[in-house]
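Spelled out from the first residue to the last, the chains are:
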Amino acid sequence: LDKDIVFVLQTVGTNADAYKQQVEVIKAVAENAFSSNDDVRICVISQEYDSAVFLGKKEWYTNANDLCQALDAEFYIKLNKYCNRSESFKLILEKVDFRDNAIKYVYFAMNGYTNVKTNDISQLTLCKKLDVIYSEVRPARHEYSEQSYEEKVNEAIFKSGGEVFIVNDSCAENIINHINN
């Protein structure tokens, strides 16, 4: 089965340690995915303060080496402000060219404050509009400021077949198992 995997990596935020761990998780997942699947592509979106761009200006990576080099060239900006995550979801909806026959995964790796402006695109919109398996990769003890919104997000995640992954020593293995099962 073909697999299209998108990681949204927050590159501006308050938790540089979680960012570093998430980069290592993405590398480990990529190495496993490319070595154990015949037809897999991985897209990484860099979520900046108020914009989102394709990592290395490339939509799809088809080998771990190129992807790991692009991740190594990325850097983290420490900022105590809310990043507008809707820009990443707009980019996915408008620019990511998923294959019709592929299983579509989206993993949002958050590591600082994020929000969605009023009436803007959120992960809830993404889950409704696209047939994706949506998951989040969160630092330990990370929570949304509004519990009711977090409950809606978690409901959408589980409804799509996704999971909430906590950044720890088994995170990469857990995501690999999620993709391979």
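A quick note: this is a predicted structure, and the numbers were derived from the prediction, not measured.

Conventions and cut-offs
Residues numbered from 1 in each chain as written. Predicted model: local features only at pLDDT ≥ 70, side-chain atom pairs only at ≥ 80, totals over all residues. Heavy atoms only, no water. Salt bridge = Lys/Arg side-chain N within 4 Å of Asp/Glu carboxyl O. Helix = DSSP H or I, 4+ residues; strand = E, 2+ residues; numbered from the N terminus. Buried < 20%, exposed > 50% of the residue type's maximum accessible area, 1.4 Å probe, protein only. Pairing = 2+ DSSP bridges. Axes fitted to C-alpha atoms, helices over the stretch in contact; angles between N-to-C directions. Right-handed = clockwise from strand over helix to strand, strands pointing away.

Quick look at the pattern of salt bridges
Now for step 1: A full pass over the atoms with the stated rule returns nine salt bridges.
Now for step 2: Among the salt bridges present, the one from Arg 41 reaches Asp 4, with a minimum N-O distance of 3.0 Å. Residue Arg 41 is found in strand E3 (residues 40–47), and its partner Asp 4 is found in strand E1 (residues 3–10); the two are separated by 37 residues along the sequence.
Now for step 3: Looking at Asp 4, the relative accessible area reads 0%, which means it is buried.
Now for step 4: For Arg 138, the salt bridge identified is with Glu 150, shortest N-O distance 3.4 Å. Taken together, the positions of Arg 138 in strand E9 (residues 133–138) and Glu 150 in helix H5 (residues 147–160) put the pair twelve residues apart, joining distant regions of the chain. Across the pair, exposure class does not vary: Arg 138 and Glu 150 are buried alike.
Now for step 5: When salt bridges that share partners are traced, they join Asp 4, Asp 39, Arg 41 and Arg 99 into one network.

Focus on the sheet that holds strand E4 (residues 52–54)
Now for step 1: Strand order in the open sheet formed by six strands is E4-E3-E1-E7-E9-E10, with mixed pairing between adjacent strands. Looking at the sheet topology across the chains shown, the edges are occupied by E4 and strand E10 (164–166). Along the sheet, successive strands turn relative to each other by an average axial angle of 20°, direction set aside.
Now for step 2: Examined bridge by bridge, E3 and E4 share three bridges and lie antiparallel to one another. From the neighbouring strand, Ser 46 faces E4, where its bridge partner is Val 53.

A look at the pairing of E9
Now for step 1: Within E9, five of the six residues are buried, leaving the element largely enclosed by the surrounding structure.
Now for step 2: Strand direction decides the pairing type here: strand E7 (residues 103–109) and E9, joined by five bridges, are parallel. Looking at E9, one finds that Ala 109 is bridged to Val 137.
Now for step 3: Across three bridges, the pairing between E9 and E10 is parallel. Across the sheet, Val 137 pairs through a bridge with Phe 165, a residue of E10.
Now for step 4: Of the crossover connections in this fold, the one passing from E9 over H5 to the parallel E10 is right-handed.

None of this, on its own, says anything about what the molecule does.
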